[in-house]
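Descriptive analysis of the structure
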Amino acid sequence: MTFRVFVCLALLWLGAANGARAATIELGHANATITVNGVTKQETVTLPYNWDRVHSGQPGTATFDIAFSLDGHPTEPYEVYFVRLGNAYEVFLNGTMLERNGNLRVFDGADYGQVPRTMALPPRLLKKDNLFRIRIKADAGRRGGVPRLVVGPDHEIDALYNTEYRWRVTGSEVVVILSLLVGGMALALWFTQVDPGRPRRLRRDPLYLFAGLAELSWALRVGTVLIEQPPLLWPVWGALSAVAMGGWAFFMMVFCSVAAGWEQHRWLIRFRRGLWGLLAVGAVAAFAAYAWHLPWLLTLWYGLLISIMLAFSIFYLGATIRHPTAMRLPVATAVALNVAVGLRDWYVFRFADAFGGNTLTRYSSMVFGLTLGYIVLTRFRDVSSQARDLLANLAS
């Protein structure tokens, strides 16, 4: 009897879900007029239209005409949903503008395509046969384009929008706040905790320094998603974001080495120098990729970075398996997870068509951030305990 009740409830739930989906309309085709490098062409395209993938990182403008029909006049408020749109855009319904963001004539400016969008569809504008006209400006290397449009009742569209907003915006805010807290705490400990018994250049614990720099670099990297109008020119701002990614990987690997007790090894010094060189090359490659529309440079640099991280994680995992400690085990787990997710993101966003998707590294990084914070606090607790024991001995 219980099983039958469960089956009935499941069927009812599936029927309700299918009914909810049937209430919305997904639009996946458009007649497009596209202008790139002064050349204009017209064609029928399938949405989503991933600009960087279709035009190899070349900037341009386009107009998309998307027709759709309704069975009757809606009796409830309707909206249209875009998982991302732009970088700058204008949206019209049956000749009336619904929304505009950005300047379609100025390239490499503000980017309004980083967050999901919903727009209300006034009932007076809706007819049996309708037409969306969407004009966009797409900058090179900024994931511009037009997604599949979803039209439907406002409560259905709001559910889609709220889910995506939580993942992309609220999730990014949480990651930035956590990274700033852990990074600020680590740097505060590095500035204040001094061991006068060590040589001058080693009096401050480098573990705190690299932990703080790693987390602040990641806060900058993720925080760029939340900034629609960058404070610097786009090639510089884009390069800064890429270098922040490289800085996070660099400081994370050095932190892991220090946490494992390898800071006095000669190979680690050479390894650090090589990473500094890679970071400098990354800054130049990222700037050139954005300034001269050479996205393959950035793909190559990201590939080199993730390859080094993969080799380091394998080495670190091997060392942890041979000599497991309470400090190495959580660090090895966090590194392995982030490298695996980083490989996935590199493939999906540099080679596959992932328009509208979210990077998973921003969320997996929280595991490393929490692990890093735990180790920093554990190191501080151990040092404080040793200091108290020393004072007690001196007092005796």
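Remember, predicted model here, so these are calculated numbers, not experimental data.

Further remarks concern the overall build of the protein. Per the secondary structure count, the protein includes nine helices and 12 strands. Each principal axis of the C-alpha atoms in the protein carries an extent, and together these give about 90 × 70 × 35 Å. Restricting the contact set of the protein to residue pairs at least 6 apart, pairs at least 24 apart contribute 76%. Of note, the protein has its 37 positive side-chain charges centred 10 Å away from the centre of its 27 negative side-chain charges.

Our focus in this paragraph is the confidence of the model for the protein. Averaged over the protein, the pLDDT score is 86; the fraction of residues at 70 or greater is 91%. Mean pLDDT values over the elements of the protein span from 42, in helix α1 (residues 2-22), up to 98, in strand β7 (residues 88-93). In the predicted structure, residues 1-22 sits below a pLDDT of 50 and forms one contact with residues beyond four places in sequence or in another chain.

Turning to the sheet that holds strand β5 (residues 60-69), a few remarks are in order. One open sheet accounts for six strands, arranged β3-β2-β5-β10-β7-β8; its pairing is antiparallel. Pairing within the sheet leaves two strands with one partner each, and these edge strands are β3 (39-46) and β8 (96-101). Sheet twist, expressed as the average angle between the axes of neighbouring strands with direction ignored, equals 15°. Note that strand β2 (residues 29-36) and β3 share eight bridges and pair antiparallel. From the neighbouring strand, Thr35 faces β3, where its bridge partner is Thr40.

So, about the sheet that holds strand β6 (residues 78-82). Working definition: the strands of a sheet are paired by backbone hydrogen bonds and lie parallel or antiparallel to each other. A sheet is described by the order of its strands in space; here four strands give the open sequence β1-β12-β6-β9, paired in antiparallel fashion. The two strands at the open ends of the sheet, each matched to only one other strand, are β1 (25-27) and β9 (117-121). Within this sheet the neighbouring strands show an average axis-to-axis angle of 20°, counted without direction. Sheet topology note: the β6/β9 ladder contains five bridges and is antiparallel. Bridge pairing in β9 places Tyr78 opposite Leu121.

About the cut-offs
Residues numbered from 1 in each chain as written. Predicted model: local features only at pLDDT ≥ 70, side-chain atom pairs only at ≥ 80, totals over all residues. Heavy atoms only, no water. Helix = DSSP H or I, 4+ residues; strand = E, 2+ residues; numbered from the N terminus. Contact = heavy atoms within 4.5 Å. Lys, Arg positive; Asp, Glu negative; His and termini not counted. Charge placed at Lys NZ, Arg CZ, Asp CG, Glu CD. pLDDT = per-residue confidence, 0-100. Pairing = 2+ DSSP bridges. Axes fitted to C-alpha atoms, helices over the stretch in contact; angles between N-to-C directions.

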